[in-house]
Each structure stands twice: as C-alpha cells, then as structure tokens.
Amino acid sequence: ELCVCLFRLAMEIIRERDFEEPYSVSQFVEELTSHVLRTPDGKKRDEKDIDTPSLLEAFKQSVDTLQGMGEKTARRIEKLSKVCQEEERRYSANVSQVERAVSQAYHHFQELDERINGVATKVVHLGDQLEGLNASRTRAENARQIMQYFLEFFQSEQPSSIIFVDPSQVV
C-alpha cells in the first residue's frame, strides 16, 4: 500500500515539474521521502512505522518510470531533431532557389536595360535624321514657293498672289 501511494505521489511530482530547468534529482528524492516520512497531518512518522522494503520498491519503480520517460523523451528529441534538420534542408534549398531566381531576374533586367538603351540611341539617331530630312524638305518647299512667285511675277502683268498684293507680306 505504501509502495502504491509512493508511486502515485512520485507520478504527481513528476507531472507537476515536467522536468523544468534546473531539475534536481536530489530535490525530487527529498520531496518524495518527506511525504513518506510524515503522516497525512504533517507529523513525522516513527522509524518503526516506515516499511523500508516497500519504500525501496517504490523508489525502484519510480526510477524505472523515470528511465522510461527519459528514453521516450530522448526518442522524441531525436525525432524532432530529424524533422528540424529536414525543414532546415528544405529551407536552405528554397533560399538557394530564390537566390538563383533573383539572380536570373537581375540578369534579365540588365539585358533589358541594355536593349532599351540601344533602342533609345537608335530612336535619337532616327530623330536627328528625320529632323535633317524635315529641314531639307522645308527648304525644298520654300524654294518651290519662291520659284512659283518668280514665275508668277515674270509671266503675269498683274500678279494675284497675296505676297504681291499685301504690303505687310513684303519684308
């Protein structure tokens, strides 16, 4: 009976602590034995009333339980460690993939910038050429107009173009 009581008490203490840091085995044993060495009303038991073999058996069961919990915890830690390593590997691979994608995008933007600059240079050159052609066309148009005025002036006795009629047009 004392063994079962002690075992239940040990399990309650173990659950309460949940192995919080810092965990002290000696404090655990002291706490466990203090409950055994005292009566329910808190008085110290007489040494004759303590069943030493039962107390030893309770400690052995508690140690076995703790060892089992320790092994279970170690397996869980190992499993979580493997999961963590796998997640870390996947994260690293994902970061590498994103880095490559960013590098490729940067390279493509550089190529696009170079193409845009090339096209802009060609557009400016074409604009200059068109401006030169437009100036030549304007000069040719003005020359044609002057020739028409000369032709009208020499062929007609009374020229009718506005340049000959309006005094403000003569410069």
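Here we summarise the structure given alongside this text.

### Considerations on the overall build of the protein
Move 1: The helix and strand inventory of the protein stands at 4 helices and 0 strands.
Move 2: Along the protein, helices and strands appear, N-terminal first, in the series α-α-α-α.
Move 3: For the protein, the accessible surface area stands at approximately 14700 Å², while carbon and sulfur atoms represent 57% of it.

### Observations concerning the pattern of salt bridges
Move 1: Taken as a whole, this structure holds 5 salt bridges when the rule is applied.
Move 2: Measuring nitrogen to oxygen at the nearest pair gives 3.6 Å for the salt bridge that ties K82 to E78. Note that K82 and E78 are positioned in helix α3 (residues 52-155) at a spacing of 4 residues, about one turn of the helix.
Move 3: K82 sits in the exposed class, given a relative accessible area of 52%.

### Comments concerning the side chain of S161
Move 1: By secondary structure assignment, the location of S161 is in the loop between α3 and α4 (162-165).
Move 2: Those residues in contact with S161 that lie beyond four places of it in its chain are Y149 and E152.

### Examining the packing of aromatic side chains
Move 1: Scanning the entire structure with this criterion turns up 2 aromatic pairs.
Move 2: Centroid distance F150 to F154: 6.2 Å. Interplanar angle 15 degrees. Geometry classified as stacked. With F150 and F154 both in helix α3, this residue pair falls 4 residues apart, about one helical turn.
Move 3: For F150, a relative accessible area of 49% corresponds to the partly exposed category.

### Side note on the side chain of E152
Move 1: Looking at the secondary structure, you find E152 in helix α3.
Move 2: Put simply, E152 is tucked away with no salt bridge, and the nearest opposite charge, on R144, sits 11 Å away.
Move 3: In terms of polar contacts, E152 uses its side chain to reach the backbone amide nitrogen of S160, at 2.8 Å.
Move 4: Discounting residues that sit within four places of it in the chain, E152 has contacts with P159, S160, S161 and F164.

### Side note on a nonpolar patch on the surface
Move 1: Among the surface-exposed residues, I146, F150, F153, F154, F164 and V165 lie close enough to one another that they form a single nonpolar patch of about 650 Å² accessible area.
Move 2: Only α3 and α4 provide two or more residues apiece to the nonpolar patch.
Move 3: For the nonpolar patch, the leading source of residues is α3, giving 4 residues.

### Some details on a positive patch on the surface
Move 1: On the surface, a cluster of positive charge is contributed by K72, R75, R76 and K79.
Move 2: Along the chain, R75 falls in helix α3.

Conventions and cut-offs
- Residues numbered from 1 in each chain as written.
- Predicted model: local features only at pLDDT ≥ 70, side-chain atom pairs only at ≥ 80, totals over all residues.
- Heavy atoms only, no water.
- Helix = DSSP H or I, 4+ residues; strand = E, 2+ residues; numbered from the N terminus.
- Areas by Shrake-Rupley, 256 points an atom, 1.4 Å probe, with all protein chains shown as cover.
- Salt bridge = Lys/Arg side-chain N within 4 Å of Asp/Glu carboxyl O.
- Buried < 20%, exposed > 50% of the residue type's maximum accessible area, 1.4 Å probe, protein only.
- Contact = heavy atoms within 4.5 Å.
- Phe/Tyr/Trp six-rings, centres within 6.5 Å; stacked < 30°, edge-to-face > 60°.
- Lys, Arg positive; Asp, Glu negative; His and termini not counted.
- Polar contact = N/O pair within 3.5 Å; in protein donor to acceptor, adjacent residues only side chain to side chain.
- Patch = residues over 30% accessible without salt bridge, like charges linked within 9 Å, V, L, I, M, F, W, Y side chains within 5 Å.
- Charge placed at Lys NZ, Arg CZ, Asp CG, Glu CD.

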